[in-house]
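Okay, here's what each chain looks like letter by letter:
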Amino acid sequence: QVQLVESGGGLVQAGRSLRLSCTASGLTVSNVSMSWFRQAPGKERAFVAASRWSSTYYADSVKGRFTISRDSAKKTVYLQMNSLKPEDTAVYYCAVGYKSTVSSSEDYKYWGQGTQVTVSS
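Residues numbered from 1 in each chain as written. Predicted model: local features only at pLDDT ≥ 70, side-chain atom pairs only at ≥ 80, totals over all residues. Heavy atoms only, no water.

Undergrad: Explain the pairing of strand S11 (residues 115-120) here, please?
TA: On a regular strand, one side chain projects to one face of the sheet and the next to the other, so that they alternate. A one-sided burial pattern is seen for S11, the buried positions being Thr-115, Val-117 and Val-119 and the unburied ones Gln-116, Thr-118 and Ser-120. Pairing geometry for strand S2 (residues 10-13) and S11, over four bridges, is parallel. By the bridge assignment for S11, Val-12 is matched with Val-119. In the sheet, strand S9 (residues 90-97) pairs with S11 via three bridges, with the strands oriented antiparallel. In the sheet register, Val-91 faces S11, and the bridge partner there is Gln-116. (Buried < 20%, exposed > 50% of the residue type's maximum accessible area, 1.4 Å probe, protein only. Helix = DSSP H or I, 4+ residues; strand = E, 2+ residues; numbered from the N terminus. Pairing = 2+ DSSP bridges.)

Undergrad: For this particular structure, what's the right way to read the side chain of Arg-38?
TA: Inspection of the secondary structure assignment puts Arg-38 in strand S4 (residues 33-39). Relative accessible area serves as the criterion here: at 12%, Arg-38 is assigned to the buried category. Looking at Arg-38, its side chain comes within polar contact range of the side chain of Asp-88, at 3.0 Å. At a separation of 2.9 Å, a polar atom in the side chain of Arg-38 contacts the side chain of Tyr-92. (Polar contact = N/O pair within 3.5 Å; in protein donor to acceptor, adjacent residues only side chain to side chain.)

Undergrad: What exactly am I supposed to notice about the side chain of Ser-33 here?
TA: Examined against the element boundaries, Ser-33 turns out to sit in strand S4. Note on Ser-33: relative accessible area 3%, which makes it buried. Sequence-distant contacts of Ser-33, defined by excluding residues within four places in its chain, comprise Ser-51, Arg-52, Arg-70, Ala-95, Val-96, Gly-97, Lys-99, Val-102 and Tyr-108. (Contact = heavy atoms within 4.5 Å.)

Undergrad: Before we go on, may I ask you to explain the sheet that holds strand S8 (residues 76-81) in this structure?
TA: With respect to topology, four strands assemble into an open sheet ordered S1-S3-S8-S7, the strand pairing being antiparallel. Looking along the sheet, the strands with just one partner apiece sit at the ends: strand S1 (3-7) and strand S7 (66-71). On average, adjacent strands in this sheet sit at an angle of 15° to one another, irrespective of strand direction. Inspection of the sheet shows S1 paired to strand S3 (residues 18-25) by five bridges, in the antiparallel sense. Bridge pairing links Ser-7 to Ser-21 in S3. (Axes fitted to C-alpha atoms, helices over the stretch in contact; angles between N-to-C directions.)

Undergrad: Sorry if this is basic, but what is going on with the environment of Thr-56 here?
TA: Along the chain, the position of Thr-56 falls in strand S6 (residues 55-58). As for Thr-56 and Gln-113, which are separated by 57 residues in sequence, their C-alpha atoms are 23 Å apart. Here Thr-56 is in contact with Ala-50 and Ile-68, once residues within four sequence places are set aside.

Undergrad: I keep staring at the packing of aromatic side chains and nothing clicks. Help me out?
TA: Here the distance between the centres and the angle between the planes together describe a pair of aromatic rings. The final tally for this structure, using the stated rule, is five aromatic pairs. An angle of 75° between the planes, with centres 5.6 Å apart, marks the rings of Phe-37 and Phe-47 as edge-to-face. A residue pair is termed long-range when its members are at least 10 positions apart, and Phe-37 in strand S4 and Phe-47 in strand S5 (residues 46-52) qualify at 10 residues. Grouping residues by exposure puts Phe-37 and Phe-47 together as buried. (Phe/Tyr/Trp six-rings, centres within 6.5 Å; stacked < 30°, edge-to-face > 60°.)

Here's what the structure looks like:
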């Protein structure tokens, strides 16, 4: 059974940093895309960042502030979030996919349950 589990969310003051982790189990694949999406109350789920092969991709709203990385041996993907803003408040979801595109929710097959990030002003 494939499972993705996120951790590292919480309450943080604006301007501070937070690191999210997502660990996968039940899958061993040669090539995957791993990504982070987020959903704020009353908003649609939005792309945040992705890692595919040696390339990384970021939404304009987080460029220069967030960094995605992964440890293949640990089957874990990370999202380092710096200079956090109140508008970053959302539930953050980890996803794994097998397609060549990365920025749509339809590009992914597996999803985690989400971790809450709240940024206070």
